[in-house]
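The lines below spell out each chain.
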Amino acid sequence: MMGSENLDSEEAHMYASREEMENLVLDEPSNNNNGTKSFSDYRSAMSSLADTHHPLSSPMAAPADSDPLLTPPPFRDFRNPNVATDNSSYIEPPSYSDVIFSPFDENAVNEINGVDSPGRSSDSSGFLSKSTSSSSDYVKITVSNPQKEQETSNSLVPGGNTYVTYLITTRTNIPGHNGSEFSVRRRFKDVVTLSDRLAESYRGFFIPPRPDKNVVESQVMQKQEFVEQRRVALEKYLRRLAGHPVIRKSDELKVFLQVQGKLPLPTSTDVASRMLDGAVKLPKQLFGESVAVAPHEVVQPAKGARDLLRIFKELKQSMANDWGGSKPPVVEEDKEFLKKKERMHDLEQQLSNASQQAESLVKGQQDMGETMGELGLAFIKLTKFENEEAIFNSQRARAADMKNVATAAVKASRFYRELNAQTVKHLDTLHEYLGLMLSVHGAFSDRSSALLTVQTLISELSSLHLRAEKLEAASSKIFGGDRSRIRKIEELKETIRVTEDAKHVATGEYERIKENNRSELERLGRERRADFLNMLKGFVLNQVGYAEKIANVWAKVAEETSAYTREST
Amino acid sequence: MITVVNYQSATLLSPQRSSSGSSHSPRSSSSQPYLSISVTEPVKLGNGVQAYISYRVITKTNFPEYQGPEKIVIRRYSDFVWLRDRLFEKYKGVFIPPLPEKSTVEKFRFSAEFIELRRQALDIFVNRIASHHELQQSEDLRTFLQADEETMERLRSQETGIFKKKPADLMQIFKEMQTRVSDVVLGKEKPVEESNPEYEKLKNYIFELENHLSEAQKHAYRLVKRHKELGQSLSDFGKAAKLLGACEGHALGKAFSDLGTKSETLSVRLQKEAHQLLMNFEEPLKDYVRAVQSIKATIAERANAFRHQCELAETIKLKEINLDKLMLTRSDKVGEAELEYKELKAESEEATRRFENIVRVMNEEIVRFQDQKTQDMGIAFHQFAKGQSRLANNIADAWRSLLPKLEACLS
């Protein structure tokens with residue numbers, strides 16, 4: 001089943017590649033135009049390159065560089081079925097004799113698209129790859145078919161705002177979803193909403209960062225290139241969400257992927273309207289002294305107008321913390337955590353550096369391939385010229401030699417290009433993990449804001465207790481009791497009780513987030529190690545494979561021209 | 001202040017540059033005649049703007065005309081230029097071997113790479129002369145190889161203007177050729193050009209060949225640069241990988257570290273290959289371009305000779321007519337005119353002989369040129385292919401050596 005699928009795609013490749021071979025100039029210009037300067041341009045060029053000359057390019061067949069989940073394993077697994085008679089001791093890229101000249105990733109994509117591979121849980125777990133999951137469940141999301149739609153309500157401008165929606169198709173065998181394949185239409189705003197709600201619900205987790213909102217003029221928004229870039233980014237994002245072992249099970253994601261029509265999640269504007277309530281509350285909060293923070297509110301960090309008072313309090317507290325005020329009791333394993341945090345920071349720096357150097361390596365390989373190709377073309381022209389003008393046999397002999405060199409150079413040039421396409425995909429792992437650092441930051445800041453909330457409540461409690469004591473002391477001096485003071489004491493005791501509850505909840509939340517941090521750090525470490533090892537292996541195998549092919553090409557020419565050295569000695 | 005830069009003799013490094021005769025050994029006494037020359041040991045002399053490179057030129061020969069079996073002299077670039085100009089002047093029709101260009105970029109003038117390239121090219125230049133059946137007999141060559149430095153300096157400063165064909169002069173000649181063609185097209189005047197279709201074909205071939213070769217050479221030069229750049233990227237990448245490895249630690253850290261080390265090793269290898277590529281592939285292509293340009297100079301010479309011959313032929317016709325007229329009128333100027341006519345006739349015959357000699361020599365030269373170039377390029381291609389093949393194998397071996405450990409980590 002897998003084999004026959006591949007055969008079809010192989011045939012298609014041969015067809016495409018024959019055209020390629022005839023048209024020697026190939027795609028060099030488009031690569032050039034896309035700017036060898038910026039790596040992200042290069043990557044998009046590579047992906048558009050892959051798209052353009054593959055006849056099977058379906059709307060959803062974004063090449064594997066947009067699907068970080070699938071990078072290492074398909075590369076490895078794909079080669080297995082094809083290398084039946086291979087004699088080398090390791091798996092090599094498609095051999096020269098397979099005459100597969102088009103980018104390798106197309107095969108990988110086709111294999112995954114719609115082919116059930118129960119043994120391979122490539123999209124199920126982990127940040128990027130299959131590494132740990134042994135189960136065979138999978139969630140496969142594709143984003144396609146961007147369409148323009150009109151803003152129906154509240155449009156001040158007649159024929160007013162248009163926006164783009166994307167078709168989001170999910171294929172899954174996880175129970176609890178309605179059926180195994182479903183589609184919805186969503187716009188970017190919905191994705192922002194999803195992302196915001198997830199951030200609230202999953203504090204402490206390393207939530208994959210969503211694609212940026214682009215603040216550009218509406219003209220640019222409509223442009224096909226932008227839309228395509230966004231489509232790719234959305235697909236990557238959703239796939240990462242689906243790859244997260246906890247988040248993939250979230251209601252928010254389920255709802256996003258399944259519910260037709262309007263996305264039934266509270267939007268951030270809805271949340272903002274709660275600000276109005278907050279603003280109403282504020283004067284009371286400022287002038288009334290004993291308004292406690294409701295327990296359910298402490299589950300979220302203080303933000304927005306509704307939490308103004310809370311923000312003031314927590315700010316005061318954090319200042320107190322900074323100036324070494326009363327040591328908050330909730331700090332024990334902080335040192336351990338701080339060490340880990342520092343390590344994450346260090347890792348991020350090294351990843352950034354490695355990512356940059358990987359880009360320049362890719363550029364180096366690309367340039368080498370280009371120039372080699374140009375050299376080949378120049379010699380082909382020379383060959384033609386000498387043959388046409390030949391009067392002497394020595395000219396014909398020279399023309400023949402040149403032709404061999406030219407052919408080899410063109411072949412080598414193609415191999416460099418393929419090598420590079422693969423290198424991009426492998427080293428992409430570095431970029432991916434660098435991007436993931438953002439979510440680590442987010443998770444760590446969830447933790448610190450939760451801690452701050454706890455600390456604030458604790459010091460609030462202690463000051464409340466202090467006031468209660470004072471009042472009781474004062475009140476006890478008055479014989480028969482002090483009606484107003486007693487009332488105040490009662491109120492205070494009520495506030496204390498509420499605040500105790502809030503502190504209890506906040507502490508619980510903090511502990512929860514700490515645990516999430518811990519388990520996520522462990523998972524990150526585990527998966528990163530596996531992914532990086534796979535990346536290294538893939539990278540190295542790729543280099544070896546193509547270097548051998550290139551060596552063979554030139555060895556042949558060296559053989560063909562060996563007569564010259566014998567003559568001269 | 002003398003800076004001594006030591007290089008090996010080009011005859012040992014570049015097997016394609018064969019010297020005259022069959023053996024390099026000066027000790028085979030009664031054997032084949034040989035003339036073998038080495039240009040070695042570039043040394044920087046002088047200071048500042050006046051600084052220049054001098055070379056040790058070692059001649060080994062059993063030619064009777066030479067002073068002895070071995071002679072060593074010190075020469076500089078302008079001495080080679082003198083030799084080339086003299087040969088060009090004397091051996092019309094011969095494709096004089098090309099010289100490497102004067103360096104225009106000041107700071108590059110004394111770089112190790114440039115010096116080595118030039119030395120190699122000069123060695124090839126002088127050995128090609130020595131292996132050319134006509135040129136090797138040249139007295140100027142003997143002077144060049146044997147005269148002391150003062151004599152050389154004197155000779156060098158004497159030759160100004162007349163023999164030096166500056167590129168500007170050549171351009172002028174070519175332009176004249178082009179205007180003549182356009183004059184014909186516009187019907188202005190009769191062109192004083194050969195109407196030899198084969199020769200026309202050859203001229204067109206040479207001009208077009210230069211274009212094609214220049215393009216190939218340009219890309220070859222870029223390829224050298226690409227090797228250097230890729231080497232640099234590998235080095236940077238290797239360093240970054242090592243740092244990342246230090247951060248990660250344990251097995252993964254070791255893997256990154258090993259990768260980084262390999263990457264740096266390959267970087268060095270690539271730089272080496274870049275150098276080889278420059279010396280053994282790009283330089284021969286450049287040499288080919290220069291050779292074609294030298295042929296263009298010979299083509300210009302032939303055109304000159306042809307024009308000269310035609311002019312004289314025209315003049316003679318007029319003189320003939322005049323002489324007949326004078327003879328009819330029994331003028332006393334007849335004697336004078338007859339003398340003039342005889343002189344002119346001799347001159348004209350001389351011019352015709354010279355022109356025809358050029359044509360004959362050129363025909364031989366073109367055959368030799370094509371054969372030689374096929375040989376030269378064959379060697380260059382072979383070395384290029386071998387170099388690339390070796391490089392790729394080294395790369396494959398280096399990366400492959402990492403695999404066992406990586407496999408172990410992953411299992």
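- Under an unreviewed UniProt entry, the name given to chain A is PX domain-containing protein, and the source organism is Hevea brasiliensis.

## As for the overall build of chain B
Here is step 1: Secondary structure assignment for chain B yields 10 helices and four strands.
Here is step 2: Each helix and strand of chain B, placed in order from N terminus to C terminus, yields the pattern β-α-β-β-β-α-α-α-α-α-α-α-α-α.
Here is step 3: The burial tally for chain B puts 50% of its 411 residues in the buried class.
Here is step 4: Considering only residue pairs separated by 6 or more positions, chain B has 74% of its internal contacts joining residues 24 or more positions apart.
Here is step 5: Counting only carbon and sulfur atoms, one obtains 54% of the accessible surface of chain B, whose full area is about 20,400 Å².

## Remarks on the overall build of chain A
Here is step 1: Within chain A, the regular secondary structure consists of 15 helices and three strands.
Here is step 2: Across the 569 residues in chain A, those meeting the buried criterion constitute 51%.

## With respect to the UniProt feature "coiled-coil region" (unreviewed entry) in chain A
Here is step 1: UniProt records the feature "coiled-coil region" (unreviewed entry) at residues 337–364 of chain A, using the numbering of this structure.
Here is step 2: For residues 337–364 of chain A, the helix share is 100%, the strand share is 0%, and the end-to-end C-alpha distance is 40 Å.

## A look at the environment of P97(B)
Residues and elements named next belong to chain B.
Here is step 1: Mapping P97 onto the fold places it in the loop between α2 (77–90) and α3 (112–130).
Here is step 2: Along the primary structure P97 and S214 are separated by 117 residues, whereas in three dimensions their C-alpha atoms are 18 Å apart.
Here is step 3: When residues no more than four places from it in sequence are discounted, the contact partners of P97 are R84, F125, R128, I129 and L135.

## A short note on the nonpolar core
Generally speaking, a soluble globular protein has its nonpolar side chains buried in company with each other.
Here is step 1: Ranked by size, the top nonpolar core spans 109 residues in total, and within it F379(A), W554(A) and W399(B) carry the most contacts.
Here is step 2: Of all elements in the fold, only α12 (334–389), α13 (393–476) and α14 (483–560) of chain A together with α7 (197–248), α8 (250–328), α9 (334–400) and α10 (403–410) of chain B reach the threshold of two or more residues within this core.
Here is step 3: Looking at which element gives the most residues to this core, the answer is α8(B), with 20 residues.
Here is step 4: Sequence-distant contacts of W554(A), that is, excluding residues within four places in its chain, are made with M372(A), V405(A), A408(A), A409(A), A412(A), F384(B), A385(B), Q388(B) and S389(B).
Here is step 5: Counting 34 residues, the second largest nonpolar core, distinct from the first, contains V73(B), L83(B), L155(B) and A297(B).

## Observations regarding the interface of chain A and chain B
It is common to give the size of an interface as the accessible area that goes away when the parts come together.
Here is step 1: In this complex, chain A contributes 66 residues to the contact, which on the side of chain B involves 64 residues.
Here is step 2: Both faces combined, the contact of chain A with chain B buries some 5,900 Å², and carbon together with sulfur accounts for 74% of it.
Here is step 3: Together, F385(A), R398(A) and L533(A) form the three largest contributors to the area buried by chain A at its contact with chain B, with a combined 10%.
Here is step 4: Summed over the shared surface of chain A and chain B, the result is seven salt bridges.
Here is step 5: Between E248(B) and R528(A) there is a salt bridge; the shortest N-O distance is 2.7 Å.
Here is step 6: Counting across the interface, chain A meets chain B through 18 residue pairs in polar contact (both at pLDDT 80 or more).
Here is step 7: Sorting the residues of the side of chain A that touches chain B by element identifies α12, α13, α14 and α15 (562–568) of chain A as the ones contributing at least two each.

## What about the pattern of salt bridges?
Residues and elements named next belong to chain B.
Here is step 1: Throughout the structure, instances matching the rule amount to 57 salt bridges over all chains.
Here is step 2: For the salt bridge of K405 with D258, the shortest nitrogen-to-oxygen distance reads 3.0 Å. Placement of K405 in helix α10 and of D258 in helix α8 is noted, with a sequence separation of 147 residues between them.
Here is step 3: Note on K405: relative accessible area 49%, which makes it partly exposed.
Here is step 4: According to the relative accessible area criterion, D258 is buried, its value standing at 17%.
Here is step 5: Across the pair D376 and K373 runs a salt bridge whose closest N-O atoms are separated by 3.1 Å. Of the two residues, D376 and K373 both sit in helix α9, three residues apart, roughly one turn of that helix. A single burial state applies to D376 and to K373, both of which are buried.

## Concerning the environment of K381(A)
Here is step 1: Within the secondary structure, K381(A) is located in helix α12.
Here is step 2: In the structure, K381(A) is positioned 168 residues away from K213(A) in sequence and 50 Å away in space, judged by C-alpha atoms.
Here is step 3: If sequence neighbours within four positions are ignored, K381(A) has contacts with H212(B) and E215(B).

## Re the packing of aromatic side chains
Here is step 1: Within the structure shown, the criterion is met by 20 aromatic pairs over all chains.
Here is step 2: Ring centres 3.9 Å apart and planes at 10° place the aromatic pair F281(B) and F384(B) in the stacked group. Highlighted residues: F281(B) in helix α8 and F384(B) in helix α9, separated in sequence by 103 residues. By the burial criterion, F281(B) is buried, and F384(B) matches it.
Here is step 3: Here a set of aromatic residues connected by ring pairs shows up, and it is made of F379(A), W554(A), F281(B), F381(B) and F384(B).
Here is step 4: The ring of Y77(B) carries the charged tip of R118(B) above its face, separated from the ring centre by 3.8 Å.

## Some remarks on the sheet that holds strand β1 (residues 139–150) of chain A
Residues and elements named next belong to chain A.
Here is step 1: If you walk across this open sheet you meet the three strands as β1-β2-β3, and the pairing is antiparallel. Either end of the sheet is taken by a strand with one partner, and the two such strands are β1 and β3 (181–187). Adjacent strand axes in the sheet meet at a mean angle of 20° when their direction is disregarded.
Here is step 2: Of the pairings in the sheet, the one linking strand β2 (residues 162–172) to β3 comprises seven bridges and is antiparallel in character. Pairing of R171 across the sheet is with E181, part of β3.
Here is step 3: Along the sheet, helix α6 (residues 188–201) makes contact with β2 and β3, crossing β3 at roughly 100°.

## Considerations on the side chain of S294(B)
Here is step 1: You can see S294(B) is positioned in helix α8.
Here is step 2: In terms of polar contacts, S294(B) uses its side chain to reach the backbone carbonyl oxygen of I96(B), at 2.6 Å.

## Thoughts on unusual backbone geometry
Here is step 1: Positioned with a positive phi, N145(A) is a non-glycine residue whose angle comes to about 55°.
Here is step 2: Topologically, N145(A) is positioned in strand β1.
Here is step 3: Unlike most non-glycine residues, H250(B) shows phi in positive territory, near 55°.
Here is step 4: Locating H250(B) in the fold gives a position in helix α8.

## Brief notes about the confidence of the model for chain B
Caution is warranted with low-pLDDT regions, since their predicted coordinates should not be read in detail.
Residue and element names in this part refer to chain B.
Here is step 1: In this model, chain B carries a mean pLDDT of 85, and residues with pLDDT of at least 70 account for 83%.
Here is step 2: Within chain B, the element-level pLDDT minimum falls on strand β1 (residues 3–4), averaging 34, and the maximum on α7, averaging 95.
Here is step 3: pLDDT under 50 marks residues 1–26. Its contacts with residues more than four places away, or in other chains, come to 59 contacts.
Here is step 4: The ipTM for the predicted assembly is 0.84, set against a pTM of 0.75.

## Points about the state of the cysteines
Throughout this description, disulfide means a covalent bond between two cysteine sulfur atoms.
All names here are of chain B.
Here is step 1: For the coordinates displayed, the defined rule picks out zero disulfides over all chains.
Here is step 2: Looking at the unpaired C247, the closest cysteine sulfur is the one in C409, lying at 17 Å.
Here is step 3: A relative accessible area of 9% means that C247 is categorised as buried.

## With respect to the confidence of the model for chain A
Residues and elements named next belong to chain A.
Here is step 1: A residue-level look at chain A finds 61% of positions with pLDDT of 70 or above and a mean pLDDT of 73.
Here is step 2: Predicted confidence in chain A is weakest over helix α4 (residues 72–82), with a mean pLDDT of 36, and strongest over α12, with 94.
Here is step 3: Confidence drops under pLDDT 50 across residues 1–134; counting only partners more than four residues distant or on other chains, this segment forms 241 contacts.
Here is step 4: Counted against residues more than four places away or in other chains, residues 285–290, with its pLDDT under 50, gives seven contacts.

## Regarding the side chain of D446(A)
Here is step 1: Tracing the sequence through the fold places D446(A) in helix α13.
Here is step 2: Residue contacts for D446(A): discarding those within four places in its chain leaves Y202(A), R203(A), G204(A) and I513(A).

Definitions and cut-offs
Residues numbered from 1 in each chain as written. Chains lettered and ligands numbered in written order. Predicted model: local features only at pLDDT ≥ 70, side-chain atom pairs only at ≥ 80, totals over all residues. Heavy atoms only, no water. Helix = DSSP H or I, 4+ residues; strand = E, 2+ residues; numbered from the N terminus. Buried < 20%, exposed > 50% of the residue type's maximum accessible area, 1.4 Å probe, protein only. Contact = heavy atoms within 4.5 Å. Areas by Shrake-Rupley, 256 points an atom, 1.4 Å probe, with all protein chains shown as cover. UniProt positions renumbered as here; feature names shortened; annotations may be inferred. Core = buried A, V, L, I, M, F, W, Y, C linked by side-chain atoms within 4.5 Å. Buried area = accessible area lost by both parts, 1.4 Å probe. Salt bridge = Lys/Arg side-chain N within 4 Å of Asp/Glu carboxyl O. Polar contact = N/O pair within 3.5 Å; in protein donor to acceptor, adjacent residues only side chain to side chain. Phe/Tyr/Trp six-rings, centres within 6.5 Å; stacked < 30°, edge-to-face > 60°. Lys NZ or Arg CZ within 6 Å of the ring centre and 35° of its normal. Pairing = 2+ DSSP bridges. Axes fitted to C-alpha atoms, helices over the stretch in contact; angles between N-to-C directions. pLDDT = per-residue confidence, 0-100. Disulfide = S-S within 2.5 Å.

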